[in-house]
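Read off the chains here:
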Amino acid sequence: MAKAQATGALAVTANDLRSGTVVFRRPDGRWSEEVLEAEIALTAEAAQALLAGARADHDACIVVEPALVEITMTGNRPAPRHLRERIRAQGPTVAYGAAAAN
Amino acid sequence: MYRYDEFDLGFVRERVAEFRDQVARRLSGEMTEDQFKPLRLMNGVYLQLHAYMLRVAIPYGVLSGRQMRKLAHIARKYDRDYGHFTTRQNLQFNWIKLADMPAILEELAEVEMHAIQTSGNCIRNVTADHFAGAAADETVDPRPYAEILRQWSSLHPEFSFLPRKFKLAVTGAAADRAAIQVHDIGLEAKRDAKGDIGFAVWVGGGQGRTPMIARKLRDFLPEADLLAYCEAILRVYNLEGRRDNKYKARIKILVHEKGTDEIADAIENEFASLKGKALDLPAAEIARIAAYFAPPALADLPARSAKLEAAKAADVALARFVDRNVSAHKRPGYGIVTVSLKPVGLPPGDATSAQMDAVAALAERFSADEIRVSHEQNLVLPHVRLDDLPELFAGLAAAGLATPNAGLVTDIIACPGLDYCSLANARSIPVAQRISERFADLGRQHDIGDLKIKISGCINACGHHHVGHIGILGVDRKGEEFYQITLGGSGDETCSIGEIVGPGFPADRIVDAVEQVVDAYLGLRRDPGETFLAAYRRVGLKPFQEALYADA
Ligand code: SF4
């Protein structure tokens, strides 16, 4: 699990327990598949509060593997900083299934 | 083909019911993730980057049409319409919902399939030569022994919590298509001068972080002793294998640290106490299981098919396909067809539901209802009449499955890598796609000849890069994808581990680097008959280093 950083933008991600889908925690405490809707924490305290909320949802069997991810902002559009998390947020970088075969 | 007996059937059904209950309790909150995770893993359910992944066991890579149709149906109904065939002859579904898992396992049980022992520190799905029972060069059909080992290792109570996972591979031909020397136990079934069956036993091979070639402990273990000897190996490993460090827990490390002689002695001692007792394989039981693998009714045919020869003369595409993708069958007039899952520019090993259905139909019609999954992530139709090849080729082409590249530079093994795998450091699939696009020209591929490129997205080496003629390992260098090249690896009977050629390459340079290696080979080979591997073994790393790092 990623450690909270003192500086820099952070969001909380997890996988939905039922579907396994990658989700991000929104400001209203619900979970969204869109990183654009993620709550962004800009301080260590805010990040810890965000993660604490996510852990509570983990314990309530809503999500699994909650973790903080580093976010970069382009204008006001957030995107995960690292490739791994970008791929989690956006899906495989390669076409698959029938879309690839056609 | 082997069919479940009542014991298997009852057991698998019980297991499905048990897992259904566990999933329900997890979803309702009665069970925590910490409690549930080991249970889901025991049923082949992983959590990957994007979703849950279900790994379905395909024992020794053998499937019937009916089973393949079921996989297609599951892909269509519960996943995104495709599946991924792996280097362990299994199938992975990438987008499965946890809530659907019990229903899927139930559907699999209907066709005698399951996901048991596809994860965890137990004896995993036993793999075998994908040409088993068909290859012209085969001495002994390895499948009955793979099945005996499957039965022995399934839920073996003593070996359910080993220090680490444990993989067995079996072949029955001198040409090793099952990579037995890079398995925890590799077995080569063979015959002695009297015609009796026995096994060369290799122990302690493996890839991953510390690649090692197995040591041969027995050259001819009598057939009846197979289980007692394997049990002895597992006992020694279970007791003495390291449990303090995950990276040193495989049997290869034990063999390496203790030395081959000491381990061999320990195994022989254990074996002496087991031999001649309950684990002896009675000839009648071997015969009973072998009967399931009796060859299909094949016709007496001339070795040469005039029909095929005429069709080849009229169709260069067919001729190319036959040249690369059809291998010699033990019966005259038949061939073994490799169905390439490596069309240029597409993810290696993936098949859509429609393609799986197409293969099932073609297998039923042309290959005695048999399909194999190869560890090279292709499918195989093992018993095809040469006369039927033109029609089969047309059927495969209509499904996008007639790429004539078996064993060529574009027949690349690639693990799922960072596009799917939560352990990955770098992507594998896009590198494979770009290499296959670069070498798309068939004339050029044929000119290059036999060349195995294998790509892994991290040091776990699921893409077998250590035994690639050209191996590519993805690493993370300060947040950037980098790729390290190894040369001269081979997973066949001349097994060797590839050597690192030098500093790695960024993603935008790796395809050029592979091309430079291939061009260097073309420049230095003695004649077109000298394969990449043979040339490498003659000249070593240096000329390739000079080609790659000339400007450095
Ligand atoms: S080699 Fe690494 S990245 Fe590739 S599938 Fe295995 S664990 Fe994942």
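Bear in mind that the values here come from a model prediction, so they are computed numbers and not experimental data.

Draft legend 1. Quick peek at the overall build of chain A. The helix and strand tally for chain A stands at three helices and five strands. Taken from the N to the C terminus, the helices and strands of chain A come in the order β-β-β-α-β-β-α-α. Against the 2.2 N^0.38 benchmark of 13 Å for 102 residues, chain A shows a C-alpha radius of gyration of 14 Å, consistent with a compact globule. Taken along its principal axes, the extent of the C-alpha atoms in chain A is 50 × 35 × 25 Å. Counting only residues that meet the buried cut, chain A has 45% of its 102 residues in that class. Sequence separation of 24 or more characterises 53% of the internal contacts of chain A that already satisfy a separation of 6 or more. For chain A, the accessible surface area stands at approximately 5200 Å², while carbon and sulfur atoms represent 49% of it.

Draft legend 2. The packing of aromatic side chains, seen in detail. Counted according to the given criterion, the structure contains 14 aromatic pairs over all chains. Taken together through their ring pairs, the aromatic side chains of Tyr96 of chain A together with Tyr82, Trp95 and Tyr420 of chain B make up a single cluster. Above the ring of Trp95 of chain B, the side-chain terminus of Arg80 of chain B is found at 3.7 Å from the ring centroid. Over the face of the ring belonging to Phe482 of chain B we find Arg477 of chain B, whose NZ or CZ atom lies 3.7 Å from the ring centre.

Draft legend 3. Geometry of the environment of Arg320 of chain B. Residues and elements named next belong to chain B. Along the chain, the position of Arg320 falls in helix H11 (residues 316-325). In sequence terms Arg320 and Glu158 are 162 residues apart; their C-alpha atoms lie 51 Å from each other. With sequence-adjacent residues up to four places away left out, Arg320 is seen in contact with Pro404, Leu442, Gly443 and His446.

Draft legend 4. Focus on the site of the ligand. For the ligand, the full set of nearby residues is Cys415, Pro416, Gly417, Cys421, Leu423, Ala424, Gly457, Cys458, Asn460, Ala461 and Cys462 of chain B. For the shell around the ligand, a count of residues per class yields eight nonpolar, three polar and no charged.

Draft legend 5. Geometry of the sheet that holds strand S4 (residues 63-74) of chain A. All names here are of chain A. In spatial order, the strands read S3-S2-S1-S4-S5; together these five strands make up an open sheet with antiparallel pairing. Looking at the sheet topology across the chains shown, the edges are occupied by strand S3 (31-32) and strand S5 (77-80). Pairing between strand S2 (residues 22-25) and S3: two bridges, direction antiparallel. When the bridges of S3 are listed, Arg25 appears paired with Trp31. Across the sheet, helix H1 (residues 44-59) touches strand S1 (9-16), S2, S3 and S4, and the angle it forms with S4 is around 150 degrees.

Draft legend 6. The domain arrangement of chain B, seen in detail. All names here are of chain B. By domain assignment, chain B separates into domain 1 (6-110), domain 2 (134-291), domain 3 (306-398) and domain 4 (421-548). On a C-alpha basis, the centres of domain 1 and domain 2 stand 28 Å from each other. With seven residues of domain 1 at the contact, the number on the domain 2 side is eight residues. Counting each side, the surface lost to burial between domain 1 and domain 2 is near 620 Å², with a carbon and sulfur contribution of 63%. It is Asp8, Tyr60 and Arg88 that lose the most area in domain 1 upon contact with domain 2, and together they represent 69% of the buried surface on that side. Scanning the region where domain 1 abuts domain 2 turns up one residue pair in polar contact (both at pLDDT 80 or more). Element by element, the count of residues in the side of domain 1 that touches domain 2 is highest for helix H1 (residues 6-27), at three residues. Across the side of domain 1 that touches domain 2, the residue classes break down as four nonpolar, no polar and three charged.

Draft legend 7. Seen up close, the interface of chain B and chain A. In this assembly, 31 residues from chain B lie in contact with 26 residues from chain A. The tally of links from chain B across to chain A stands at zero salt bridges. If you look at where chain B meets chain A, you find seven residue pairs in polar contact (both at pLDDT 80 or more). Listed by contribution, the elements that provide at least two residues to the side of chain B that touches chain A are H1, helix H2 (33-42), strand S5 (91-96) and helix H14 (429-438) of chain B. The element that contributes the greatest number of residues to the side of chain B that touches chain A is H14 of chain B, accounting for three residues.

Draft legend 8. Spotlight on the confidence of the model for chain A. Across chain A, the average pLDDT comes to 91, with 92% of residues at 70 or higher. The model gives residues 1-6 of chain A a pLDDT under 50, and that stretch makes 14 contacts with residues more than four places away or in other chains.

Draft legend 9. Geometry of the packing of helix H16 (residues 507-524) of chain B against helix H17 (residues 532-539) of chain B. All names here are of chain B. For the pair H16 and H17, the least separation of the axes is 10 Å and the interaxial angle reads 75 degrees. In terms of axis orientation, H16 runs roughly perpendicular to H17. Packed against H16, whose contacting residues are Val517, Tyr521 and Leu524, the element H17 presents Phe532, Ala535, Arg538 and Val539 at the interface. In terms of residue class, the contact of H16 with H17 is built from six nonpolar, no polar and one charged.

Draft legend 10. Expanded view of the sheet that holds strand S9 (residues 197-203) of chain B. Residue and element names in this part refer to chain B. In spatial order, the strands read S6-S7-S8-S9-S10; together these five strands make up an open sheet with mixed pairing. In this open sheet, the two edge strands, each paired with only one partner strand, are strand S6 (127-128) and strand S10 (215-222). One ladder, built from five bridges, connects S9 with S10; its direction is antiparallel. Paired with Val203 across the strands is Arg215, a residue of S10.

Conventions we followed
Residues numbered from 1 in each chain as written. Chains lettered and ligands numbered in written order. Predicted model: local features only at pLDDT ≥ 70, side-chain atom pairs only at ≥ 80, totals over all residues. Heavy atoms only, no water. Helix = DSSP H or I, 4+ residues; strand = E, 2+ residues; numbered from the N terminus. Rg over C-alpha atoms; globule rule 2.2 N^0.38 Å. Buried < 20%, exposed > 50% of the residue type's maximum accessible area, 1.4 Å probe, protein only. Contact = heavy atoms within 4.5 Å. Areas by Shrake-Rupley, 256 points an atom, 1.4 Å probe, with all protein chains shown as cover. Phe/Tyr/Trp six-rings, centres within 6.5 Å; stacked < 30°, edge-to-face > 60°. Lys NZ or Arg CZ within 6 Å of the ring centre and 35° of its normal. Near = heavy atom within 4 Å. Nonpolar A, V, L, I, M, F, W, Y, C, P; charged D, E, K, R; others polar. Pairing = 2+ DSSP bridges. Axes fitted to C-alpha atoms, helices over the stretch in contact; angles between N-to-C directions. Domains from an automatic or database assignment. Buried area = accessible area lost by both parts, 1.4 Å probe. Polar contact = N/O pair within 3.5 Å; in protein donor to acceptor, adjacent residues only side chain to side chain. Salt bridge = Lys/Arg side-chain N within 4 Å of Asp/Glu carboxyl O. pLDDT = per-residue confidence, 0-100. Parallel < 35°, antiparallel > 145°, perpendicular 65-115°, else oblique.

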